[in-house]
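Structural characterization, general
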Amino acid sequence: MRIFYKPYHELITSAEKAAEAILDGMVIGTSGFTKSGDSKAVLPSFACSKTPAKITLLSGASLGRAIDSELALNKKLNRRIPFQSNKDLRSAINSHEVMYVDKHLAETADQLQSKQLPKIDIAIIEASMITEDGMIVPTSSVGNSVVFAQLADKIIIEVNSAFPIGMNGLHDCYMAQPFPDRTHLPITKTSDRIGTPFISIDPSKVIAIVETNEADEPADASTENEKTQTIAKHFLQFLNAEVEQNKLSKTLQPLQAGIGKIANAVLHEMGSSDFHDLTMYSEVLQDSTLDLIDSGKLQFASGAAYTFSKAYQERFYTHFDQYKTKMILRPQHVSNAAEVIHRLGVIALN
């Protein structure tokens, strides 16, 4: 049992029953960021249900398990915000069946707080466990889950036992103050913690608990080739030249890397370089993050989510306690905040 708040036990139900709470015209906020930590049960059940209801769906970023595809093909979407990467949904957007807002991923939380976006009716949040006072410990992403859960009228929690129960402590859940009372984000190094290890919620808003046991959809395993290796060598030559000119040191500045085989190849190449004591302040942590940690080159990595291939998922969970001390997952309005990126002097590779 991962639900340590006893009043929630009476709310345990099936995904199909929980999905019945989603009504036509509702605004739904779901956890999930690049295939990580998304709804494994309730949203898929709604997508495949016979209800004619259509919703506005907000997430952290793209979703796994073809959720966007099922929602689009079954005509369950009015609007989609702030990011997607699914060909079926793209077709629906281009044919004007679905309205789409493509946004800077750090801005969704601000616009919800300032009521520039409509109020969230239901937040669907994946959890690795629920604390004794009813708070949510997320799984493999934080994304926009903090703002969705705090601002939504109602909350559905999917408790997923496919994740380690010891994930408590991996996350740094922070909600920025609304304008005009906002202060700076007090992060001066990648390992700084400014929030809580769980998502704080009002337990009275929780209407359903759904138990699941399903891993994230794994990232595509990318293999290095001559081109990616050449790009990696060029990039390292550039960094070495910056060191020689005293613009950088061998510890560099915090690294950020986009998703894909080129970024993976570059970061993998750094594992055999003479750079050391590296840190990352990125958005998505991928396979190469684990390689760099194992090589001893990477001291700490901050992101909004991790997305690993199947082999690296197994490696991560097998040695979870080791990796947990080297990583932190934050809300995307923190991981993608221009203020913090500028303060840390991030070197961005995209």
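It should be noted that the structure appears before, not after, this text.
Scope of this entry: the structure provided in the associated data block. From a predicted model like this one, the values you see are computed outputs, not experimental measurements.

So, the nonpolar core
Counting residues in hydrophobic clusters, the biggest one holds 68 residues, and the most contacted among them are Tyr8, Ile157, Ile201, Leu252, Met270, Tyr306 and Met327. Methionine 270 has contacts with Leu236, Leu239, Leu252, Leu255, Phe275, Leu278, Leu292 and Lys297, leaving out every residue within four places of it along the chain. Within the second largest apolar cluster, 28 residues are counted, among which are Ala18, Ala41, Leu71 and Leu89.

A word on the environment of glutamate 224
Turning to its location among the elements, glutamate 224 is positioned in the loop between strand S9 (206–212) and helix H7 (226–244). Through-space distance from the C-alpha of glutamate 224 to that of asparagine 264 is 8.3 Å; in sequence the pair is 40 residues apart. Setting aside its immediate chain neighbours within four residues, glutamate 224 contacts Gln229, Ala265 and His268.

Describing unusual backbone geometry
Between isoleucine 81 and proline 82 the backbone carries a cis peptide bond, its omega angle lying at 0 degrees. Along the chain, proline 82 turns up in the loop between strand S3 (77–81) and helix H4 (87–94). Cis geometry is adopted by the peptide bond preceding proline 180, which originates at phenylalanine 179 and carries an omega value of 5 degrees. Mapped onto the secondary structure, proline 180 falls in the loop between strand S8 (154–160) and S9. In this structure, lysine 75 is a non-glycine residue whose phi angle is positive, near 55 degrees. Along the chain, the position of lysine 75 falls in the loop between helix H3 (67–73) and S3. A positive phi angle, near 60 degrees, is found at asparagine 246, a position not held by glycine.

Remarks on helix H9 (residues 287–295)
Counting buried positions over the 9 residues of H9 gives 7, a clear majority of the element. Regarding H9, the residues found buried are Asp287, Ser288, Thr289, Leu290, Asp291, Leu292 and Ile293. Of the residues one or two after H9, glycine 296 is the one with positive phi, at around 85 degrees.

Observations regarding the environment of leucine 58
For leucine 58, the location among the structural elements is in strand S2 (residues 55–58). For the pair formed by leucine 58 and serine 14, sequence separation is 44 residues and the distance between their alpha carbons is 23 Å. Setting aside anything within four residues of it in sequence, one finds leucine 58 in contact with Val27, Ile28, Gly29, Thr30, Arg80, Ile81, Thr108, Leu112, Leu117, Ile120 and Phe148.

Considering the pairing of S2
By the alternation rule, side chains of S2 split into Ile55 and Leu57 and Thr56 and Leu58, which are all buried. Note that the unit made of strand S1 (residues 27–30), helix H2 (residues 42–48) and S2 has a crossover that is right-handed. With 4 bridges connecting them, S2 and S3 associate as parallel partners. Paired with threonine 56 across the bridge in S3 is arginine 79. Once the chain exits S2 it traverses H3 before rejoining the sheet at S3, and the crossover so formed is right-handed.

Let's talk about the packing of H9 against helix H10 (residues 310–318)
Axis separation between H9 and H10 bottoms out at 10 Å; the angle between their running directions is 45 degrees. On the basis of their axis angle, the class for H9 and H10 is oblique. Along this stretch, H9 crosses H10, giving a crossing that reads as left-handed. When H9 is examined against H10, the residues Asp287, Leu290, Asp291 and Asp294 are found in contact with a partner set consisting of Tyr312, Arg315 and Phe316. Looking at the contact of H9 with H10 residue by residue, the class counts come to 3 nonpolar, no polar and 4 charged.

Cut-offs applied
Residues numbered from 1 in each chain as written. Predicted model: local features only at pLDDT ≥ 70, side-chain atom pairs only at ≥ 80, totals over all residues. Heavy atoms only, no water. Core = buried A, V, L, I, M, F, W, Y, C linked by side-chain atoms within 4.5 Å. Buried < 20%, exposed > 50% of the residue type's maximum accessible area, 1.4 Å probe, protein only. Contact = heavy atoms within 4.5 Å. Helix = DSSP H or I, 4+ residues; strand = E, 2+ residues; numbered from the N terminus. Right-handed = clockwise from strand over helix to strand, strands pointing away. Pairing = 2+ DSSP bridges. Axes fitted to C-alpha atoms, helices over the stretch in contact; angles between N-to-C directions. Parallel < 35°, antiparallel > 145°, perpendicular 65-115°, else oblique. Left-handed = near helix turned anticlockwise from the far one by under 90°. Nonpolar A, V, L, I, M, F, W, Y, C, P; charged D, E, K, R; others polar.

Keep in mind these numbers describe shape, not what the thing actually does.
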